[in-house]
Each structure stands twice: as structure tokens, then as C-alpha cells.
Amino acid sequence: MNIIRDPRAMQRECEALRQAGKRIAFVPTMGYLHEGHLSLLREARRRGDVLVLSIYVNPTQFGPKEDLGRYPRDEAGDLAKAESCGVDLAFVPQNLYPEGFQTYIAVRELEQPLCGASRPGHFIGVATVVAKLFQLVRPHVALFGRKDYQQLAIIRRMVRDLDFDIEIVGMPIVREPDGLALSSRNAYLEGDERQRALCLSRGLAAARDLFAGGERDTKKLTAAARAQVEQGATRVDYVEIRDAESLAAVERVERPCVIAIAAFVGTTRLIDNDILEA
Ligand code: PAF
């Protein structure tokens with residue numbers, strides 16, 4: 001596995017691979033890799049001749065009061081895991097923003113609701129860094145987890161709107177045996193918070209059960225989910241059902257919709273979601 005830290009060297013290397021006719025599969029991450037990331041890497045390994053991983057804790061997607069400084073990091077551990085998944089090139093830049101940087105990408109409507117409402121500017125940071133990474137790696141295919149559902153929707157839209165010639169693959173959420181969705185932020189959970197964090201997946205299960213019984217009213221479905229989330233959360237950020245593609249608000253689930261939850265357990269903000277297939 002080749003480790004590259006310099007953005008220009010990365011661009012040169014990937015361009016040479018492209019010129020040599022190699023299909024580049026790319027998994028962008030912020031590191032602290034868990035089984036969810038590894039599932040992306042294994043699938044990416046199948047989909048490309050060359051597997052590229054990036055590890056970069058992107059400052060522009062963190063708000064001033066968020067956890068950039070304490071975001072978990074383990075470069076040596078990440079590189080060992082990457083190697084075991086067959087990564088060919090690990091891109092680990094120090095900084096991706098040149099002095100005077102002032103160009104940002106806004107996916108205007110999709111970034112408004114859900115996490116965008118409580119984390120202003122977050123998705124501008126995400127879209128911008130992903131666009132930059134795409135420019136450096138020029139992948140044929142890039143893989144993202146569906147746990148960050150809104151992020152995936154925004155990246156798909158950006159790729160379509162800005163004519164990036166890249167296939168975007170969304171991969172299933174990976175969960176612990178008890179249902180907790182894997183996240184690097186789970187490392188923050190202390191004491192009984194790990195158990196209480198199950199309130200998110202239990203909320204999704206409650207809505208899913210009601211939906212399976214024929215309920216289509218968004219208010220009733222979200223109320224059932226919220227009741228579960230409130231049992232464990234310190235604070236509920238949102239429990240919402242929205243159109244799976246446009247993320248528009250809906251009153252009834254009559255086409256594919258996403259039920260999305262964000263809640264604080266202690267000081268840790270967790271997210272989870274599920275698709276309701278009408
Ligand atoms: O999902 C993440 O880890 C990040 O948001 C991403 C896509 C790597 C951009 O920094």
C-alpha cells in the first residue's frame with residue numbers, strides 16, 4: 001500500500017493510473033475506521049482495479065462549537081485496517097485548503113432540512129471537500145454509507161448537477177448485533193450511554209412495525225419513533241419522515257420515504273435512518 005500525503009502527488013499518481021486504463025474505486029473517510037468503512041472498502045475492492053482510500057478530518061464541515069478538536073483519530077490503526085482490505089493508495093493529506101481558500105459548493109435545497117437545519121454550513125463543507133477529493137482522485141466509482149443519508153443524497157445531486165463522471169454507490173448501514181448503527185462517534189459513549197444509544201434503532205423499529213401494520217400517517221409514525229428515542233436520549237434533535245429522494249416533507253408515506261433520527265446521548269450526537277418502501 002502506497003501512502004501519499006501531498007495533494008499534487010496524489011493527483012499525478014491517480015492521473016497516471018487513469019491513463020494506464022485502470023478503474024479507480026474510491027472511499028473517502030475521516031478515519032477512525034470501523035466495520036462500516038471496511039464494508040465500503042471491501043465492496044470498492046470488487047468494483048475497481050485500484051482501491052483508493054482517503055483519510056482527512058475535514059475542518060470545513062464542523063461548526064465552531066462542534067467536535068473537530070476531539071474527533072477520534074488513529075492513523076496507524078486505520079492504515080493497518082486499510083491494508084487488510086486491499087487498499088492500494090491511502091491519501092492522508094495534512095491540509096486540503098490553500099491560503100485564501102474561498103470557493104464552496106452549496107446543494108441549496110437538499111442541505112436545508114434535517115442535519116442541515118441544526119448544523120448550518122455542514123453540508124457546504126462536505127460537498128466542497130468531496131468535490132476537491134474527486135478532483136484529486138478522479139475516481140470512476142465512489143462509495144458512501146447510507147447512515148449519512150442526507151450526505152449521500154447531496155453528493156448524488158452534486159455529481160449530477162456538476163457533471164462529475166463518477167458512479168456513486170450507497171452502501172447499507174452496518175450495525176452492532178444489538179442494532180446500534182456503527183459510527184466513529186460511538187467511541188465517545190460512556191457508561192450507560194452505550195445502552196441508551198439503542199433508543200435510535202428502537203425508534204426506527206417502532207415506526208417500521210407500525211408501517212408494516214398499514215399505518216401511513218407521518219405524524220403517527222414519527223410519534224411512535226420519538227417515544228422510543230425519548231427513552232434514551234438526552235435531547236432529541238429531530239425525528240422526521242421525508243421523501244427518499246427530494247427530502248421534501250410528506251404527510252403520508254405513499255412513495256419511498258426515509259425516516260431519519262438525530263439525537264444527543266450525553267454530549268454525543270448520533271444519527272440513524274431507515275427507508276420506508278411504500
Ligand atoms: O462521511 C464522512 O466521513 C465525511 O463526511 C466525508 C464524506 C469523508 C467528507 O469529509
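Residues numbered from 1 in each chain as written. Predicted model: local features only at pLDDT ≥ 70, side-chain atom pairs only at ≥ 80, totals over all residues. Heavy atoms only, no water.

Caption draft 1: Highlighting the overall build of the protein. The number of helices and strands found in the protein is nine helices and nine strands. For 278 residues, the compact-globule estimate of 2.2 N^0.38 gives 19 Å, and the protein sits close to it at 19 Å. For the C-alpha atoms alone, the extent of the protein along its principal axes is close to 55 × 40 × 40 Å. Residue burial in the protein is summarised as follows: out of 278 residues, 53% are buried. When contacts within the protein are restricted to residue pairs at least 6 apart in sequence, those whose partners lie at least 24 apart make up 71%. The distance from the centre of the 38 positive side-chain charges to the centre of the 39 negative ones in the protein is 1 Å. (Helix = DSSP H or I, 4+ residues; strand = E, 2+ residues; numbered from the N terminus. Rg over C-alpha atoms; globule rule 2.2 N^0.38 Å. Buried < 20%, exposed > 50% of the residue type's maximum accessible area, 1.4 Å probe, protein only. Contact = heavy atoms within 4.5 Å. Lys, Arg positive; Asp, Glu negative; His and termini not counted. Charge placed at Lys NZ, Arg CZ, Asp CG, Glu CD.)

Caption draft 2: Molecular detail of helix α3 (residues 75-84). The complete set of buried residues in α3 reads D78, L79 and A82. Around the axis of α3, the buried residues are gathered within 95 degrees of arc, so they sit on the same side. Away from the buried face of α3 by more than 90 degrees, exposed residues A76 and S84 are located. On its buried face, α3 is in contact with β1 (2-4), α2 (35-47), β3 (50-55) and β4 (89-91). One or two positions beyond α3, positive phi appears at G86, with a value near 85 degrees. (Arc of directions from axis to C-beta.)

Caption draft 3: Inspection of the sheet that holds β3 at higher detail. The six strands lie next to each other as β1-β4-β3-β2-β5-β6, forming an open sheet whose pairing is parallel. Each of the sheet's edge strands pairs with one partner strand only, and the pair in question is β1 and β6 (167-171). The mean angle between the axes of side-by-side strands here comes to 25 degrees, regardless of whether they run parallel or antiparallel. By the bridge criterion, three bridges tie β3 to β4 in an arrangement that is parallel. Bridge assignment links S54 to a residue of β4, and that residue is F91. Contacts from helix α1 (residues 7-19) reach β1, β2 (24-29), β3 and β4 within the one sheet, and its direction differs from that of β4 by about 150 degrees. (Pairing = 2+ DSSP bridges. Axes fitted to C-alpha atoms, helices over the stretch in contact; angles between N-to-C directions.)

Caption draft 4: Region of the structure containing the site of the ligand. In the vicinity of the ligand, the residues found are P28, T29, M30, N58, Q61, V129, V130, F144, D148 and Q151. Q61 has a polar side-chain atom sitting 2.6 Å from an oxygen atom of the ligand. Isolated, the ligand exposes 290 Å² of accessible area, and the fraction of that covered by the protein chains is 90%. Sorting the residues of the shell around the ligand by element identifies β2 and α5 (122-137) as the ones contributing at least two each. (Near = heavy atom within 4 Å. Polar contact = N/O pair within 3.5 Å; in protein donor to acceptor, adjacent residues only side chain to side chain. Areas by Shrake-Rupley, 256 points an atom, 1.4 Å probe, with all protein chains shown as cover.)

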